[in-house]
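Coordinates in review
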Amino acid sequence: MKNLKQGEMRIWLITSVIAVFILICIQFTGTTVTNPSVGGAFEGPKAVEQIFKRACYDCHSNESKLAWYDKIAPISWQVANDVRTARSRFNFSRWNDLTAAEQETKLWYIVNMIDQGKMPLKSYVLLHPSSKVSETELAVLKDFMISYSAEKALKKSKLKLKLNLKETHARNQKPIALNGVAYTSDYKNWEVISATNRFDNGTMRIIYGNDITVKAIKENNINQWLEGAVIVKVVWNKLPEDQNGEVKTGDFNNAQFMVKDSKKFKDTEGWGFARFSSPKLLAYGKNACFATECINCHQLASKTGFVFDIPNQK
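Residues numbered from 1 in each chain as written. Predicted model: local features only at pLDDT ≥ 70, side-chain atom pairs only at ≥ 80, totals over all residues. Heavy atoms only, no water.

Thoughts on the overall build of the chain
This is how it is decided: Per the convention used, a helix needs a DSSP run of H or I reaching at least four residues, while a strand needs a run of E reaching at least two, with both numbered from the N terminus. Buried means the residue's accessible area, taken with a 1.4 Å probe over protein chains only, is under 20% of the maximum for its type, while exposed means over 50%, and partly exposed covers the values in between.
Along its length, the chain carries 9 helices and 6 strands. The buried share of the chain, taken over its 314 residues, is 35%.

Some points on the pattern of salt bridges
Put simply, the rule is: The working definition used for a salt bridge is a side-chain nitrogen of Lys or Arg within 4 Å of a carboxyl oxygen of Asp or Glu.
Inspection of every chain in the model, using the stated rule, returns 5 salt bridges. Residues E137 and R54 are paired through a salt bridge, measuring 2.9 Å at the closest nitrogen-oxygen approach. Here E137, found in helix α6 (residues 135-162), pairs with R54, found in helix α2 (residues 46-55); they are 83 residues apart in sequence, far enough to count as distant. E137 gets classed as buried once you look at its relative accessible area, which sits at 19%. Take R54: its relative accessible area is 28%, and that puts it in the partly exposed class. Here K106 ties to E293 by a salt bridge, and the two come within 3.5 Å at their closest N and O atoms.

Some points on the environment of Y183
Along the chain, Y183 falls in the loop between α7 (168-172) and β1 (191-198). Sequence separation between Y183 and A255 is 72 residues, and the spatial gap between their C-alpha atoms is 8.5 Å.

Here's the deal with the side chain of N254
Heads up, the condition is: Whenever a nitrogen or oxygen atom comes within 3.5 Å of another N or O atom, the pair is scored as a polar contact, on the condition that within protein one atom can donate a hydrogen and the other can accept it, and that pairs from neighbouring residues in sequence are kept only if both atoms are in side chains. The criterion used for residue contact is that any of the two residues' heavy atoms lie within 4.5 Å.
The residue N254 is located in strand β4 (residues 249-260) in this model. Using a relative accessible area of 6% as the deciding quantity, one classes N254 as buried. At 2.8 Å, the side chain of N254 and the side chain of N253 are in polar contact. When residues no more than four places from it in sequence are discounted, the contact partners of N254 are K233, V234, V235, R275, F276 and S277.

Considering the nonpolar core
The test is simple: Here the nonpolar core consists of buried residues drawn from Ala, Val, Leu, Ile, Met, Phe, Trp, Tyr and Cys, with membership extended through side-chain atoms lying within 4.5 Å.
Counting residues in each nonpolar core, the largest one holds 32 residues, and the members touching the most others are Y183, Y187, W225, I231, F257, W271 and F276. The set of elements that each furnish at least two residues to this core consists of β2 (203-209), α8 (211-218), β3 (230-238), β4, β5 (271-277) and α9 (290-298). Non-local contacts of W225, meaning those with residues more than four positions away in its chain, are made with T213, A216, I217, I231, K260, W271, T304, G305, V307 and I310. Counting residues in each nonpolar core, the second largest holds 24 residues, with F92, W95, Y109 and M145 among its members.

A look at the sheet that holds β1
The criterion, for reference: In this analysis, strands are considered paired if DSSP registers two or more bridges between them. Here, axes are lines fitted to C-alpha atoms. For helices the fit covers the stretch in contact, and angles between N-to-C directions go from 0 to 180 degrees.
In space, the 6 strands of this open sheet follow the order β1-β2-β3-β4-β5-β6, with antiparallel pairing throughout. Looking at strand neighbours, the two that pair on one side only are β1 and β6 (282-283), the edges of this open sheet. Taken strand by strand, α8 contacts β1, β2 and β3, and its axis lies near 80 degrees from that of β1.

Structural notes on the packing of aromatic side chains
This is how it is decided: Pairs were defined over the aromatic rings of Phe, Tyr and Trp, the Trp ring being its six-membered one, requiring ring centres within 6.5 Å. Orientation was assigned from the angle between planes: stacked under 30 degrees, edge-to-face over 60, tilted for the rest. Whether a charge sits over a ring comes down to the Lys NZ or Arg CZ being within 6 Å of the ring centre and within 35 degrees of the ring normal.
Scanning all chains against the criterion turns up 17 aromatic pairs. Each residue in the set F42, F52, Y57, F90, F92, W95 and Y109 is aromatic and connected to the rest through ring pairs, giving one cluster. Positioned over the ring face of Y284 is R275, at 4.3 Å from the centre of the ring.

Some points on α2
Just so we agree on the cut-off: The directions considered for the arc are those from the helix axis to the C-beta atoms.
What α2 keeps buried is the set V48, E49, I51, F52 and A55. One side of α2 holds all its buried residues, which, seen down the axis, span an arc of 160 degrees.

Have a look at this one:
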């Protein structure tokens, strides 16, 4: 019996030594988080910067500060992957690489994700409780964005008054996004499939679908959308509520297109994205890679074929 116990102890000791040896060895494998140089970082009110730095910067910046347990493999492998993905979506340390319009869009996206409890990730908050954003801090971010957007809108309106617009020729041309998705006004004859109201940035949206889209919705075939489906979300700025309490649309803001073509757009889950802004229908994006930004956001709707705002079946 004594020899049996000694044998069990010997096996346990050998197993423990091997486990420790493997754990030590894997520390030298896999990728690690590095911090590239900071250029054109986000600048805002001090209170807003402090919230972002505490809740977002460890993943969404080149100023990641990892806890000791974040550096131990295999946890470090997942951390490195999360940081790489987060930086690809937006990077506070490269903020000036974005246009003013892109910055505003990103900021609203960030605040909306925090408001919905989707950022910071719950798994991250579990290990980093100090990153949690309180209701008071969220109110600070919302107030900042309301004033930020109002300031941008004022600058846009002043610029509009100074411009001598000659748009007749431009309107007769067919705008095309850099990935090949073309604008078409045919959507005006399509069926309305949904409508949304954004109180945060003062816009109203009507969503249209072509015949293929409508058929897919009626047949509840929204996990694998049919080839040729086209969805168009048209966005208008809202006018202030009138004396009767009615809210009406104001200026056209943009039209957002989703075109299902699995072969042509295989790198973005089979969807071609485009956004055409202002009455000039200016195509969004500096290069064709802009669509990666779109699908990153639409990953949140993966259960409905990467499409938001699916209506009830008719």
